[in-house]
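The chain contents come next:
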Amino acid sequence: MTVLLLLSSSLLNSRHVGHADEKVESFDETSSYYLIHYDDGEQEIVLDENTSLHLLGWNDSSTVDARIDLQSDTGTESILTTLTVSDMLNELQISNHSIFYRIVESDVFNYKLVDSIQLQEQVTILEENENGTSKEEIKLVDTYGTVFQDLGLVYYSTDENYKKYEISKEDYDVLNNEVASINQVSNSSVQLFSAATISLREQASVSYSTHVQSYGWQDFVKDGQLSGTTGESKRLEAIKIKLDNAPYSGNIVYTTHVQSYGWLDSVQNGELSGTTGESKRLEAIKINLTGEMAKHYDVYYRVHAQSFGWLGWAKNGQPAGTEGLAKRLEAIEIVLVDKGGKAPGSTENPFLSTPSVSYSAHVQTYGWLNFVKDGQLSGTTGESKRLEAIKVKLENSPYSGNIVYTTHVQSYGWLNEVANGAISGTSGESKRVEAIQIKLTGDIANHYDVYYRVHAQSFGWLGWAKNGMKAGSEGLSKRLEAIEIKLVEKGKGPAVDSNKAFKLAPSKKTYSVYLDPGHGGSDPGAVAGGLKEADINLDIAKKVESLLKQRGYTVYMSRTGNTTVGLYDRPAEANRLNTDIFVSIHTNSGSSSARGIESYYYKYKPEYPPKINKELHNDPVRVAQSIKLAESVQKHMIKGTGAPNRGVKGAAFAVTRESIMPATLIEVGFISNPSERSQLATDSYRAKIARGIADGIDAYFKSLN
């Protein structure tokens, strides 16, 4: 489902939510949209730093259940509401602010910010009669087809030159209810044309048939009807397209992009494009008109693509579908429109291809440079010019998610993270950027890794970093002079070395911590009283991350959202990053009377042999340091919360066994205990746990010195 949100520019620190209204009157040109593709189930949309909207699923065919979470110093306030499903823009009141939205069904979840609203008239022909009259509906819509205003019905007739002119509803009714001779003049002011003077040109039509996996050739359909299937995961393998009743000379020409073959040669007028008997999927198509037909008509077409659902409308030879993503076409619609007429629907994103990353650096004395992309150099080398700021953005991304980055700036240190083209750094302050971290979020992070390297003063080009690693230097007063950034298909890029990508002043050792919020995504962990273990774990881990970063630690997270991460992927990533410690955060479950906090270190058990850490899993130094880490964290959690102390124990948990560094798994309390569950539900108690964990980690590292 697609949810179109229009956020008022004053949506900040809202406190109360009202019910959705049917009429929208308070939006203006200062507002902006979030266009959100919703695929059912629970999804989160962050509106600002204090406000988030959670889509919870269908209530019925016309409404979606939702929850607004409002953060404040006293905790989180959650308010349930429902969102209306309609073509019109709907309004949801939050205190004296508003959210405007539209919901339409979609196959995948993602969202993007639309910076401006461009309204246009959308005309739908409701009736078209042989006597040249027509009834049309006019609505004011934006580029996504969202109805902002229904302008009502308009009635037309045509003169002897086939030109339309507006008539009244009364005249329209008279013309179409006249049963006497067509030459008779009615009492109305409209003169009826004789049948001899009304000779309408026959309308051109386009018909098409697709060859569908396991079904073969489908019957021909025409003029915007669906050919193929949806919801059956069946690939289109070939297509035939032809013109019917063409009033002008010319052909319809088309080509398809086929699995492993690429773009085929163009064919025309009912010829086959694609393959049969080879189990090859169609991935994209281009259709065009030639001759006189091209002067009088535009051909529009859209496709239903695997994972993405219906894409936008393409026209006149534009590609529709995907390329480089290995996604099948499943259905197609094609229609002819009078030359220059309105598109049948949204023309946004008819074609998706491999995503790109583009970026622009602000360079000393030069200012902002032009955007470059995909591994090209931005900045200078050999000129001793400092980078002062950077903007990074994704282009042509077929997946939801953002590119997020932060820079380490002279005298300021690490700045807050920004995303998608926002500025990180300074301009007009003569401050050098010294280091950068870049990462992907959302679904695109499941498909791509982001690699980046920097040219640093005195060092030249440093090694490649990826996925949030630091690149540059810290504590050495060295400017960055240039940067290169690129996207690489997930897991297919070269190995990286953090020591080659980032240089740290020797006197300022920075420890790195890998935090692992247990469970997530398809695995909610223990569930009780409306709480999910995965959510508690993630919230506490984020709080620990914030505290540790404030104290100068480098922190990595196994997940930053409600995503599924494999059990062995967690220690495997920590091992690749070579962090100093590994801390896995969990919430316990047992009997309703069980309570308290406990921490675990790795204890070898032969029935649970290691899989990826055969050399170091039972290393005595690692185990001893793990015990020391677990004891320190346990001590400070108990001190900060006053919870019952269940002690430090040994166990053969996979994450502590497979990590090569000292590791502990902590259980912060029992979700099964009503009393502890009520505490774990509060932001204040989670903050106490987080501070205890951070203090325990801090004390552990200080003891090493």
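Residues numbered from 1 in each chain as written. Predicted model: local features only at pLDDT ≥ 70, side-chain atom pairs only at ≥ 80, totals over all residues. Heavy atoms only, no water.

(A) Summary view of the packing of aromatic side chains. As enumerated under the stated definition, the model contains 8 aromatic pairs in all. With centroids separated by 5.0 Å and ring planes inclined at 80°, the aromatic side chains of Y600 and F653 adopt a geometry described as edge-to-face. Within this pair, whereas Y600 is found in strand β51 (residues 597–602), its partner F653 is found in the loop between β52 (645–651) and α8 (654–658), the two being separated by 53 residues in sequence. The exposure class assigned to F653 is partly exposed, which follows from its relative accessible area of 30%. Taken together, the aromatic side chains of Y511, Y553, Y700 and F701 make up a single cluster linked through ring pairs. One residue, R453, lies across the ring of W461, its end atom 4.3 Å from the ring centre. (Phe/Tyr/Trp six-rings, centres within 6.5 Å; stacked < 30°, edge-to-face > 60°. Helix = DSSP H or I, 4+ residues; strand = E, 2+ residues; numbered from the N terminus. Buried < 20%, exposed > 50% of the residue type's maximum accessible area, 1.4 Å probe, protein only. Lys NZ or Arg CZ within 6 Å of the ring centre and 35° of its normal.)

(B) Seen up close, the packing of helix α7 (residues 620–641) against helix α10 (residues 683–704). Packing of α7 against α10 leaves a shortest axis separation of 7 Å and a crossing angle of 140°. What the angle tells us is that α7 and α10 run oblique. Seen along the crossing, α7 lies across α10 with a hand that is right-handed. Touching Q625, K628, L629, S632, V633, H636, M637, G640 and T641 of α7 are Y685, K688, I689, G692, I693, D695, G696, I697, A699, Y700, S703 and L704, all from α10. (Axes fitted to C-alpha atoms, helices over the stretch in contact; angles between N-to-C directions. Parallel < 35°, antiparallel > 145°, perpendicular 65-115°, else oblique. Left-handed = near helix turned anticlockwise from the far one by under 90°. Contact = heavy atoms within 4.5 Å.)

(C) Spotlight on the nonpolar core. Formed by 77 residues in total, the largest nonpolar core has its most connected members in I241, I287, I334 and I485. Setting aside anything within four residues of it in sequence, one finds I485 in contact with V357, Y359, D374, G375, I390, V392, I438, V450, Y451 and Y452. Listed in part, the 37 residues of the second largest apolar core include L548, V583, I671 and L680. (Core = buried A, V, L, I, M, F, W, Y, C linked by side-chain atoms within 4.5 Å.)

(D) Region of the structure containing the sheet that holds strand β3 (residues 43–48). As summarised here, the arrangement of the 4 strands in space is β3-β4-β5-β6, forming an open sheet in which the pairing is antiparallel. Both outer strands of the open sheet, β3 and β6 (75–84), are each paired with one neighbouring strand and no more. Across the sheet, the mean angle separating the axes of adjacent strands is 25° when strand polarity is ignored. Pairing analysis gives 5 bridges linking β3 to strand β4 (residues 51–60), with the strands arranged antiparallel. The residue bridging D48 from the neighbouring strand is T51, located in β4. (Pairing = 2+ DSSP bridges.)

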